[in-house]
Amino acid sequence: MKITFLGTGTSQGIPVIACNCAVCRSSNKKDKRLRVSVWIETDGQSIVIDSGPDFRYQMLRAGVNDLDAILYTHEHKDHIAGLDDIRPYNYILKKRIDIYADERVQAALKREFQYIFSDVKYHGLPQIKVHTIAQQPFKIGNVAIVPVEVMHYRLPILGYRIGNFTYITDAKTISEESLEKIKGTKVLVLNALQKESHISHFTFNEAIAMAEKIGAEMTYFTHISHNLGLHEEVSKELPANIKLAYDGLSFYC
């Protein structure tokens, strides 16, 4: 299984518009973060988790020339806004793209992209096949997917476990039941927004504590804001088995 981080930033990305902080002014490419997303290549399947507003550029930058499915974590704009940009895959690959989302996220997609779901069709609309998921495991081809519910303050959202890889973003709390689903994961991705307290995201220290509790062989932090600090400086504060992810980072799991 190959994992590629398409974006590792929070909802505003980095640099933030009109911000003059050291992170936003940094020339280090690891401090340039598009909205959070990841690409998974496994068992003949090309799967992306979330299609945020940077989706088009992320696909071009990473060279994602084939796409089978998009998994959605939740309905916030930084996770769904790029859905329309699947259209070239429809044209070039001559296939619909499978969309996996729970009923609440589907309702949001229908509000935001009403024309895709309209009974009145016209040429050029994105072609999708929607699959309703909840907390039960499912498959994409031969790839087994285990949804993992976490809490984004009061909003339940989905992380995903695929084999020995677990991807979680936008979490503030994780129940013991969900931790059981994560148990034994070798590679974990977890959100770490900033060092200051936040109502709906793990802080840096909370993410470290959760990563140590889960005990994966390697943990990567994502959904990072400019408030966390410079990549090189923050990286020095982490244990050896926890690293900051960055856009374009790839590895095999």
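Higher on the page you've got the structure.
Here the residue numbering is sequential within each chain, running from 1 through the sequence in written order. Local features are withheld for residues below a pLDDT of 70 in this predicted model, meaning they are given only at 70 or higher, and side-chain atom pairs are given and counted only at 80 or more; totals for whole chains, interfaces and linings count all residues. Derived side-chain values reflect all non-hydrogen atoms in the structure, with water molecules and hydrogen atoms excluded from consideration.

(A) Main features of the side chain of Ser46. By secondary structure assignment, the location of Ser46 is in strand 3 (residues 45–49). Any pair of N or O atoms that falls within 3.5 Å is considered a polar contact. Within protein, one atom must be able to donate a hydrogen and the other to accept it, and sequence-neighbouring residues count only if both atoms are side-chain atoms. At 2.9 Å, the side chain of Ser46 and the side chain of Trp39 are in polar contact. Ignoring any residue separated from it by four or fewer positions in sequence, one finds Ser46 in contact with Trp39, Ile40, Val64, Asp66, Leu67, Asp68 and Ala69. The helix count covers DSSP runs of H or I at least four residues long, the strand count covers runs of E at least two residues long, and both are numbered beginning at the N terminus. Whether two residues touch is decided by their heavy atoms; if any such pair falls within 4.5 Å, the residues are in contact.

(B) The arrangement of the sheet that holds strand 12 (residues 218–222) in detail. Each pair of strands is called paired provided DSSP finds at least two bridges between the two strands. Judged by pairing direction, the sheet is mixed, and its 7 strands sit side by side in the order 7-8-9-10-11-12-13 without closing on themselves. The sheet is open, and its two borders are formed by strand 7 (138–140) and strand 13 (242–244), each paired with just one other strand. Strand after strand, the sheet turns through a mean of 30° between neighbouring axes, direction not considered. Judged from the 3 bridges that link them, strand 9 (residues 155–162) and strand 10 (residues 165–167) form a sheet pairing that is antiparallel. Across the sheet, Arg161 pairs through a bridge with Thr166, a residue of strand 10. Its contacts with the sheet put helix 8 (residues 204–214) on strand 11 (187–191), strand 12 and strand 13, and the angle it makes with strand 11 is roughly 155°. Axis definition: a line fitted to C-alpha atoms, limited for helices to the stretch in contact. Angles are taken between N-to-C directions and run from 0 to 180 degrees.

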